[in-house]
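Chain residues, written in single-letter form:
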Amino acid sequence: MSTSESQRERLHAFWQLVVLAGITGLLVVAAWWKSQRPADATRLRLPIADLHSQAAELEALSREGAAHRVTARFVRGQAMQLRVAQRHSERELANLHPWPEFAAGQRDALADAHELRAHLEFVAGPGGVDEGRVQVLRARLGQRERALRD
Amino acid sequence: MKFGEIFLGVLTAMGGFVEIGELTFTLNAGQQFDWALLWVVPLGTVGIMVYCEMAGRVAAVRGRPVFALVRERTGFNSALLTLLASLAVNLLTCAAEIGGVALLLQLLLGSPYRLLILVTFAMLVLVVWFVSFKWIERIFGLGGLLLIVFLVAAVYFGPDWTHVAQGLLPHVPRDAGARETLLYFFYAVALLSSIMLPYETYFYASGGIEDEWKPADVGLNRFVVLVGFALGGLLSASLVGVGTEYFAPNEIQPQSPGAAALGIAHVFGPIGLLLALGGMFFAFGGAAIETALSSAYNLAQFAGWPWGKHLRRRHAGRFTLSWLATFALAAVVALSGVNPISIVEYSIVFSVVILPFTYFPVLAVASDRTIMGKHANGPLANALGWFYLVLITGAGIAALPLLFLTHGGRG
């Protein structure tokens, strides 16, 4: 390869790198800008949908555990993993700064998230959870999610 | 060729078909859209059959693995970009699989997650270090067959077969709004990508060379791909079924291996639970090994280093170091505490972007009569190859906008 060809290759590679770095920078700025904007109904709905699914999973876990279709060890392990997921969703919800019209919805959903966390603490315990209350919680979170979707 | 070897090849291809990303996407596709996305499973399965068969044939006839072809056919710059992208995708996928195995071990042992990531890392390194290539394939492929319990469960749930048949025809659900339609297409692209993951082709072709395939093995290659992957596709279809029949009515979006196993426990109790967890353990463990080895294969084939598990380690030092480094980096990513399912969702969407760059060189060489002689593609293989190349290019272009518009597939 001649010297001029090699220089051209190097220049070409340099510009490719510049373009790549530029695109990455733009994406980072766009993500930061989006995170600074007040949350709309969609952004509020996403963690609520996750909490709704987690409540439904807790309900199923408790039901299968009570029917001895899953072992107590499995219930403990899965509840541990659900707690991690729940904490993540609750944190995501709490960190949102919604438009004023959604502030009450965020507050209510956070109360539901706290209740779900409390249930998760008890699922692997000797008394288990109150399935009826989890069912009501799951239905309520589902309603909140659907309201924000519509 | 012995019947037993062919039989084992088919079973390992079937058992190694599903990994954590495919499991999650197919279950969630069923949960969100019932059977309406079922058509993507046969579409993707035929696609991976077409390209693995071609890559395996080139490996058998010419002894050339995929990444040597990528560099030869697309030039240094483009091949380097494909290499870096494939290494990144393999690393993320490997991290997700390691995280998935650690989550499964946590269900069995109850130990802290991060400790179990280290245990998984050590276990996988020891397996690849001490076990031969053939036995790695067999242990993890055959162990993955325990996932057949999902197939039995899907039938046991008693699906409406008319709905199942309707799902084989591409259609957006009738009452879907703009949000659901975008999500539907996101899932279609992600499912296609999860079935046609590029590392499967790298690993399959390199594995053919590890197994010392010769031109006489072209028939074996075709049979294993057609039958083994078809059965693997059936397994994927059953995951859509379990998503539809169990997770949708229970309003659960399964985001962990344990959640996925709940549907099976509901039908078969603790035995079913154990089979599902065991199947996932081998499937995810096998996929972690395949992605780590694929990274080492790609790097070595691109750079022209000696490679292969069949070589003595001191003769393939850089190859060995590459798979060790992939495991180590993947373990670090998993240790960061990011949910493995979140990692794999992104790695699958980014995979589809590099698929055309991986598959075009395979198609170009497999159809070249001057290179492949009488083993070159026939009209059907060429037509299918071009059809899928156009399809995955379209999917690759749509993938990132869909990921953005659906908030990372969350709706």
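Along each chain, residue indices are assigned from 1 in the same order as the chain's sequence is written. Chains and ligands are labelled sequentially in the order written, the chains with letters from A and the ligands with numbers from 1. Reporting of local features is limited, given that this is a predicted model, to residues whose pLDDT is at least 70; pairs of side-chain atoms are given and counted only at 80 or more, and all residues count toward the totals for whole chains, interfaces and linings.

Caption draft 1: A look at the overall build of chain A. For the purposes of this entry, the term helix denotes a DSSP run of H or I that reaches at least four residues, the term strand denotes a run of E that reaches at least two, and both are numbered from the N terminus. Secondary structure assignment for chain A yields five helices and zero strands. The order of helices and strands in chain A, counted from the N terminus, is α-α-α-α-α. Along the longest, intermediate and shortest principal axes, the C-alpha atoms of chain A span 80 × 40 × 20 Å. Residues classed as buried in chain A amount to 35% of the 150 residues present. Counting other C-beta atoms within 10 Å of each residue's C-beta, where C-beta atoms are placed from the backbone, gives the exposure class: buried for 20 or more, exposed for 12 or fewer, partly exposed between.

Caption draft 2: Expanded view of the overall build of chain B. Looking only at helices and strands, chain B features 17 helices and zero strands. A compact globule built from 411 residues should have a C-alpha radius of gyration of about 22 Å, and chain B, at 20 Å, falls within 12% of that. Dimensions of chain B along its principal axes, counting C-alpha atoms only, are 55 × 50 × 45 Å. Taking all 411 residues of chain B together, 56% fall into the buried category. Two residues qualify as a contact pair if the distance between their C-beta atoms, derived from the backbone, is within 7 Å. Restricting the contact set of chain B to residue pairs at least 6 apart, pairs at least 24 apart contribute 86%. Radius of gyration: C-alpha atoms only; globule rule: 2.2 Å multiplied by the number of residues to the exponent 0.38.

Caption draft 3: View of unusual backbone geometry. The phi dihedral of E251 of chain B falls on the positive side, at around 60°, and the residue is not glycine. Residue classification places E251 of chain B among the partly exposed positions, given that 19 C-beta atoms sit within 10 Å.

Caption draft 4: Structural detail: helix 4 (residues 66-74) of chain B. Residues and elements named next belong to chain B. Looking only at helix 4, the buried set comprises V66, F67, A68, L69, V70 and R71. If you follow the buried residues of helix 4, they end up packed against helix 3 (40-62), helix 5 (76-109), helix 11 (198-210), helix 13 (257-303) and helix 15 (340-366). The positive-phi residue at the C-terminal boundary of helix 4 is G75, with phi of around 85°.

Caption draft 5: A look at the nonpolar core. All names here are of chain B. Structurally, a nonpolar core is described as a collection of buried Ala, Val, Leu, Ile, Met, Phe, Trp, Tyr and Cys residues joined by way of C-beta atoms within 7 Å. By size, the foremost hydrophobic cluster in this structure holds 172 residues, and its most contacted members are I98, Y187 and V362. In terms of residue count, helix 13 provides more of this core than any other element does, 25 residues in total. Sequence-distant contacts of Y187, defined by excluding residues within four places in its chain, comprise F25, A29, Q32, F33 and L37.

Caption draft 6: Main features of helix 2 (residues 20-33) of chain B. Helix span, expected: 1.5 Å multiplied by one less than the number of residues in the helix. Taking 1.5 Å of rise per residue, 14 residues should cover 20 Å, and helix 2 of chain B covers 20 Å from first to last C-alpha, within 8% of that figure. For helix 2 of chain B, the buried fraction is high: 14 of the 14 residues fall into the buried class.

Caption draft 7: Summary view of the interface of chain A and chain B. Counting residues at the interface gives 22 residues for chain A, matched by 21 residues for chain B. Going through the elements one at a time, helix 2 (41-66), helix 3 (72-94) and helix 5 (131-149) of chain A are the ones with two or more residues in the side of chain A that touches chain B. The biggest single contributor to the side of chain A that touches chain B is helix 2 of chain A, with nine residues. All residues other than Ala, Val, Leu, Ile, Met, Phe, Trp, Tyr, Cys, Pro, Asp, Glu, Lys and Arg, Gly among them, are scored as polar; the first ten of these are nonpolar and the last four charged. Taken together, the residues of the side of chain A that touches chain B break down into nine nonpolar, seven polar and six charged.

Caption draft 8: Structural context of the environment of A109 of chain A. Residues and elements named next belong to chain A. With respect to the element layout, A109 can be found in helix 4 (residues 103-122). Taking the number of C-beta atoms within 10 Å as the measure of exposure, A109 has 27 and is therefore buried. It is 8.2 Å that separates the C-alpha atoms of A109 and L93, two residues lying 16 residues apart in sequence. Those residues in contact with A109, other than ones at most four positions away along the chain, are I48, L93 and R144.

Caption draft 9: Local environment of the confidence of the model for chain B. On a scale of 0 to 100, pLDDT captures the predictor's confidence in every residue. When pLDDT is averaged along chain B, the result is 92, and 100% of the positions lie at 70 or above. Reported for the predicted complex are a pTM of 0.92 and an ipTM of 0.90.

Caption draft 10: Spotlight on the environment of L191 of chain B. All names here are of chain B. Inspection of the secondary structure puts L191 in helix 10 (residues 178-195). Note: C-alpha distance between L191 and L38 (153 residues apart in sequence) is 9.7 Å. Residues within four places of L191 in sequence aside, it is in contact with F25, T26, A29, L37, V40 and G44.

Caption draft 11: The arrangement of the domain arrangement of chain A in detail. With domains assigned, chain A is organised as domain 1 (1-36) and domain 2 (39-149). Either an automatic procedure or a domain database provided the assignment from which the domain bounds are taken. One C-alpha centre belongs to domain 1 of chain A, the other to domain 2 of chain A, and the line joining them spans 43 Å.

Caption draft 12: Spatial organisation of the packing of helix 4 of chain B against helix 15 of chain B. Residue and element names in this part refer to chain B. Here an axis means a line fitted to C-alpha atoms, over the contact stretch when the element is a helix, while the angle between two N-to-C directions is reported on a 0 to 180 degree scale. In contact at an axis separation of 8 Å, helix 4 and helix 15 are set at 85° when each is read in the N-to-C sense. Overall, the two elements helix 4 and helix 15 adopt an arrangement that is roughly perpendicular. Mapping the contact onto sequence places V66, L69, V70, R73 and T74 in helix 4 and F357, T358, P361, V362, A364 and V365 in helix 15. Taken together, the residues of the contact of helix 4 with helix 15 break down into eight nonpolar, two polar and one charged. Reported orientations rely on four angle classes, namely roughly parallel under 35 degrees, roughly antiparallel over 145, roughly perpendicular from 65 to 115, and oblique for the rest.

Caption draft 13: Inspection of the environment of F150 of chain B at higher detail. All names here are of chain B. Among the structural elements, F150 can be located in helix 8 (residues 148-156). Overall, F150 belongs to the buried group, with 29 C-beta atoms counted inside 10 Å. Apart from residues no more than four positions distant in its own chain, F150 is found in contact with L235, S238, L239, V242, I264 and A276.

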